[in-house]
Every structure is written in structure tokens, then in C-alpha cells.
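Chains, contacts and geometry: an overview
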Amino acid sequence: MRKIILFLLVLFMFKKQFSQNGLCFTPASYGPLNNLGLTYSLCKADFNSDGQLDFVSLWLQQHVYYLNLSNGSNAYFPTITFTSNPKVSFVESGDFNSDGKFDLVLAQYNMNQVELLIGDGAGGLISLNTFSVGTNPIAILAKDFNADGKTDLAVCNQNSNNLSILIGNGLGGFLPAVNYIVGVNPHAVVAGDFNNDGKLDLSVANNGSVSILKGNGNGTFVLANTINSTFLFGYTNAGGDVMKAIDYNNDGKLDLVGVGNDSLHVIKGNGNFSFNLPTIYYAGLTVSAIDFGDFNSDGKMDFVTANYFSYNYTIFLGNQLGTFTTTNTYTISYNCFSGRPSFVTTTDMNNDGKKDIIFGHDNCGDITILLNCNTVDVGIKNYNKSNILFELFPNPANDILNIGLSDTEALETLTIQVINSFGQIVKEEVLHLAQKIKNEKTAFIKIDDLPNGVYILKLSSRGTRDLNPDSSYRRNDNYLTKRFVISQ
């Protein structure tokens, strides 16, 4: 009897918090909970403009999707249910009418179209229009493909074996779709610069192959290569989350990381649209989705997989050499009888600069949030002894990184630098703080031209008062830094 009690006590403590190999996660006391269903797609964005992430989730075999709005205090309002007569197969967010508020795009599987819903910035979504694509759209990617500052769409069409490109006009409309033939049953698409020419290219996961499309910088593409490799459909058809483009080994060339049946596949890129053979790492029974982030704060990219039939997840700790130093597998707590993890995404939920992990569960619609409780730092010196604080959101970021400042009244300019893992400055902007920005205390920087990875954002100030008021530091030491991840 004592052994049983001891075992249950240890199990309870493990579910509350675990710390191993520099990793530390603890379940959040909050998390959205929807109706029963199977996870099919999930996107995250700040739909009500409170500085915290909200979730739109979609459950398989249903004509409804759910919006979970944060209340701004680490909790969520009751779920809002939306009905869609056509079957919805994927959800994606972005600002499609250039009003600074997040909108939503739905892939309507049986109608061969996508529907655009405009966000009002307060959590409301209003249907604007539908746009024709190929047969049975199954995954959507929102990016700026022609570098005009307006958000475009790439749509995988499962049963016409092509990819639809819709160029946005920045007013909530799109030009007619241009279709590009890819492989059989395309089910995932990611963007990245695979030949280092400064233009966005595309990688499309098909059944039995991966199509690499070269971007011309004007919104058009041409097939550059077909890789004889398979990134499988996630078991629950989370089509956009089975493949990632990232410079995993820090050689300046984008790699591809994707889902095998029970494994993680890492394919090294050569910077010229060619790729090496995959290196395969076992994860768990039927990997359903992947994402990445620096989970142990060592400045190196790690990966996490949701393992559907294992009822667990695996974290792969990276070493920046294209391999992993160790793997760690953990059980997930859930609030129903059979809550298999079907979706995983990473973000900084509580704005503490650390990557948290979010899981969606089959059969119960439960969303589990694991907060990163790691106290290790990578040694980035942060001169932040004043009352001026800043936050980065969303984190991981996609196209735009927002910078929220606690006090800008005494500042005239801010210099923003983005620094990669080699210590190189890859982007720099000087912001002259107009009164509008000072009042809103928010700035932003576009990052859609940077590859996926871990970065440092450095703020340097100039004004009537330093960011760091300690006179022992020189003005050129007057800066603040935060770590963030680009995940496209």
C-alpha cells in the first residue's frame, strides 16, 4: 500500500512540473476547453488586441470552429462557436485589409474555395468574401510573396494536386488564383529562402515527395526541384504542421524538418534548392505534428513532436550541428478519457521571454498549455535597471514582431536591431517616435524576409532619459535585449 501511495505521489508531482536536461515545464492553471471533437487545425493570433494570444480551433467531421479569446489576465472567456455550412479543413490568420487587426481565412474543403473573415480587433469576425482555389483545399499559408507589404495566400489543394497562389490587394481582396502543379495529394506548405537570393520560395509536402518552388519575388513561382522524401500527413490531418523550414545547423542555408510515421526527419539544405538524404530520429507512436523553439535557453534550436498513439510528446534538444544532443519524452495530462495529442505549437504565452508549448487533444477538444519554467539564461547582458520594460509579441513571430513599451514619453528615437545566432546584425531600423506611437506605446518591425530561427532583438534609445538610468553605464551601453523565435 505504501508503494502505491508513493507511486501516485511521484506521478502527481511529475504532472505538476518536471525538470530534466535543462528543461522545465509546468501546466498552466488556465487553458481553453471546447466541445468534444477531433483536432483538425488550430491557429493562434491576438484577435481582441489585448496583447495575449487567442486560439481558433477546428474539429474534424464538423461544420463548426471555435474562438477562444484571452481576457488579458492569463485566462479565457467562454468559447465562441461559429457555424460554417461548407466543411472547413484549415484555419489561418493574418492582416488582409491592412488595418492592423488580425483576420481569419477558412479552407472550405467541399466548396473548393477559401473564405475571408475580417477581424474588428475586439474578437469579432465578419465574413467578407470567398475566393476560388483548386479541388479540396487542405492547408493554407499566409505570407507576402511579392514583397509589396500585403498578405498573400498559398493553398494546398489535395485532390487537384496543385498549389493555388492568391495575391492580396491589402483591402481584403485577392487576385484570381494562379495554380502550380506539384505532387500527389499536397497537404502542407512552408515558405523560406532556399537559395539565399532574398526572395521567398515554397516547399510543398506531397504523398511520397516534396516539391520545391522557386520564388521570383513578384508573386510567381517555378518548380525548382522534387525531393524523393515523404513528410506524412499528421494522423489527425493537421496538414500545415507536419513540416518546417529552418536553418537548423546554422550554416546559412535553410533545411527542412518534417514528420515521418513515428519519427522526425531532418533534411539538410545546400542553399541551391538541393537537399541531402534525411536523418531520421524516433519520436513516438504516430507523430501528428511538430514545432520548434529554444526550450532550455541555450541559444540552440530544439524541436517538439506530438505523438498521437503514445499519448505523449518528445523534445529533441539541438546542438546547432544538425544533430540532437538528447531526446526527452513526457506524458501529457488531459481532461477526457482519450485525449491523444494531435496538435502542437510553441509561443511565449506569459511574455517572460521563454518558449511555452501548447497541445490540442483529440476527442475532448482540450488545449493544454505548458509554461516554460527554465531559469537558465544564455548570457545576453540586459541593461534594464529602469522602470521601462518591453514585450515582444507574438513570440514565435511570423511576418511582424510587435514591440510593446511600458514608457516612451522621454524617448525621441529607438534603434531596433535583430541579431542572429552568430551575433550578426541581420536587420536594423531607427524609429522616430511620433506622438501616436508614444501614446500607443507600441512599435513593430517586419521580419518576413528572415529565415526561421532564434534571434535577439536589441533596443537602443536616444532621448531625454536613458533606457538605463544608471550613470555608470555609457550611452552606447544603453540598451535592452530579448530573445524571440521566427516560425513561418
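Residues numbered from 1 in each chain as written. Predicted model: local features only at pLDDT ≥ 70, side-chain atom pairs only at ≥ 80, totals over all residues. Heavy atoms only, no water.

With respect to the sheet that holds strand β22 (residues 279–282)
Read from one edge of the open sheet, 4 strands run β19-β20-β21-β22, paired in antiparallel fashion. Where the open sheet ends on each side, the last strands, each with one partner, are β19 (243–246) and β22. Within this sheet the neighbouring strands show an average axis-to-axis angle of 20 degrees, counted without direction. Pairing between strand β21 (residues 263–267) and β22: 4 bridges, direction antiparallel. Bridged to valine 266 within β22 is threonine 279. (Pairing = 2+ DSSP bridges. Helix = DSSP H or I, 4+ residues; strand = E, 2+ residues; numbered from the N terminus. Axes fitted to C-alpha atoms, helices over the stretch in contact; angles between N-to-C directions.)

Quick look at empty space enclosed by the protein
Counted under the stated rule, the structure contains 2 cavities of 30 Å³ or more. What the second largest cavity holds in volume is close to 30 Å³. In terms of lining, the second largest cavity is formed by Asp294, Ser297, Gly353, Lys354, Lys355 and Arg483. Considering only residue class, the lining of the second largest cavity consists of no nonpolar, 2 polar and 4 charged. (1 Å grid on protein atoms, 1.4 Å probe; cavity = no way out; pocket = protein on both sides within 12 Å on 5 of 7 lines; lining within 4 Å. Points joined across faces, edges and corners; volume = space filled by probe spheres on them. Nonpolar A, V, L, I, M, F, W, Y, C, P; charged D, E, K, R; others polar.)

Remarks on a nonpolar patch on the surface
Together, Tyr282, Leu285 and Phe309 give the surface a local cluster of nonpolar side chains, amounting to about 300 Å² of exposed area. By secondary structure assignment, the location of tyrosine 282 is in strand β22. A residue is classified by how much of its surface remains accessible, and tyrosine 282, at 53% relative accessible area, is exposed. (Patch = residues over 30% accessible without salt bridge, like charges linked within 9 Å, V, L, I, M, F, W, Y side chains within 5 Å. Areas by Shrake-Rupley, 256 points an atom, 1.4 Å probe, with all protein chains shown as cover. Salt bridge = Lys/Arg side-chain N within 4 Å of Asp/Glu carboxyl O. Buried < 20%, exposed > 50% of the residue type's maximum accessible area, 1.4 Å probe, protein only.)

With respect to the packing of aromatic side chains
Per the counting criterion, the structure on display carries 19 aromatic pairs. Ring geometry for phenylalanine 25 versus phenylalanine 295: centroids 6.1 Å apart, planes at 65 degrees, classification edge-to-face. Here phenylalanine 25 is found in strand β2 (residues 23–27), whereas its partner phenylalanine 295 is found in the loop between β23 (287–293) and β24 (302–307), with 270 residues between them in sequence. Given the relative accessible area of 1%, phenylalanine 25 is considered buried. (Phe/Tyr/Trp six-rings, centres within 6.5 Å; stacked < 30°, edge-to-face > 60°.)

Observations concerning the sheet that holds strand β26 (residues 324–331)
Reading across the sheet, the 4 strands line up as β23-β24-β25-β26 and stay open at both edges, with antiparallel pairing between neighbours. Every other strand in the sheet has two partners, leaving β23 and β26 as the edge strands with one partner each. When the angles between neighbouring strand axes are averaged without regard to direction, this sheet yields 20 degrees. Of the pairings in the sheet, the one linking strand β25 (residues 312–318) to β26 comprises 7 bridges and is antiparallel in character. Residue phenylalanine 316 lies in a different strand from β26, and its bridge partner there is threonine 327.

Some remarks on the confidence of the model for the protein
A residue-level look at the protein finds 76% of positions with pLDDT of 70 or above and a mean pLDDT of 78. Segment residues 377–388 is flagged for pLDDT under 50; beyond a separation of four residues in sequence, or across chains, it makes 33 contacts in the model. When the criterion is pLDDT under 50, residues 463–477 qualifies, and its contacts beyond four places in sequence or with other chains add up to 35 contacts. (pLDDT = per-residue confidence, 0-100. Contact = heavy atoms within 4.5 Å.)

Section: the state of the cysteines
Counted by the stated rule, this structure contains 1 disulfide. Through a disulfide, cysteine 24 is tied to cysteine 373; the S-S separation comes to 1.9 Å. Across the S-S bond linking cysteine 24 and cysteine 373, the dihedral sits near -95 degrees, which makes this disulfide left-handed. Separated by 349 residues along the polypeptide, cysteine 24 in strand β2 and cysteine 373 in the loop between β29 (367–372) and β30 (390–393) bring together distant segments of the chain. (Disulfide = S-S within 2.5 Å.)

Considering the pattern of salt bridges
The final tally for this structure, using the stated rule, is 4 salt bridges. Note that aspartate 251 and lysine 268 form a salt bridge whose closest N and O atoms lie 3.5 Å from each other. Linking aspartate 251 in the loop between β19 and β20 (255–259) with lysine 268 in the loop between β21 and β22, this pair joins segments that are 17 residues apart in sequence. Here lysine 268 falls in the partly exposed class, since its relative accessible area comes to 30%. Look at the salt bridges and you will find they share partners, linking Asp144, Lys446 and Asp448 into a network.

Some details on the environment of threonine 135
Turning to its location among the elements, threonine 135 is positioned in the loop between β10 (125–132) and β11 (137–143). In this view, threonine 135 contacts Asn112, Asn157, Gln158, Asn159 and Ser160; residues no more than four positions away in its chain are not counted.

Structural notes on the nonpolar core
Val114, Leu153, Leu163, Ile165 and Leu202 are the most contacted members of the largest nonpolar core, which has 34 residues in total. Secondary structure elements with two or more residues in this core: β8 (103–108), β9 (113–119), β11, β12 (152–157), β13 (162–166), β15 (188–192) and β16 (201–205). For this core, the leading source of residues is β11, giving 5 residues. When sequence neighbours within four positions are dropped, the list of residues in contact with leucine 153 reads Phe96, Val105, Val114, Ile140, Leu141, Ala142, Lys143, Phe145, Ser164, Ile165, Leu166 and Phe174. Residues Leu256, Ala283, Met301 and Val485 belong to the second largest nonpolar core, which totals 32 residues. (Core = buried A, V, L, I, M, F, W, Y, C linked by side-chain atoms within 4.5 Å.)

Some points on the pairing of β8
Burial analysis of β8 places 6 of its 6 residues in the buried class, which makes it a mostly covered element. Taking every second residue as pointing to the same face, both faces of β8 are buried, with Asp103, Val105 and Ala107 on one and Leu104, Leu106 and Gln108 on the other. Sheet analysis places strand β7 (residues 88–94) next to β8, joined by 6 bridges and oriented antiparallel. In the strand pairing of β8, glycine 94 is matched with aspartate 103. Both β8 and β9 contribute to a ladder of 5 bridges, which runs antiparallel. Opposite valine 105, over in β9, you have leucine 116 as the bridge partner. Hairpin remark: β8 followed by β9, antiparallel, with 4 residues in the connecting loop; positive phi at asparagine 112, about 55 degrees.

Examining the side chain of aspartate 46
Note that aspartate 46 resides in the loop between β3 (38–45) and β4 (54–60). There is no salt bridge for the buried aspartate 46, and the closest opposite charge comes from lysine 101, which lies 12 Å off by N-O distance. Of note is the side chain of aspartate 46, whose polar atom sits 3.0 Å from the backbone nitrogen of serine 49. Within the local environment of aspartate 46, its side chain forms a polar contact with the backbone nitrogen of aspartate 50, the two atoms lying 3.2 Å apart. When near neighbours in sequence (up to four residues on either side) are disregarded, aspartate 46 contacts Gly51, Gln52, Leu53, Asp54 and Phe102. (Lys, Arg positive; Asp, Glu negative; His and termini not counted. Polar contact = N/O pair within 3.5 Å; in protein donor to acceptor, adjacent residues only side chain to side chain.)

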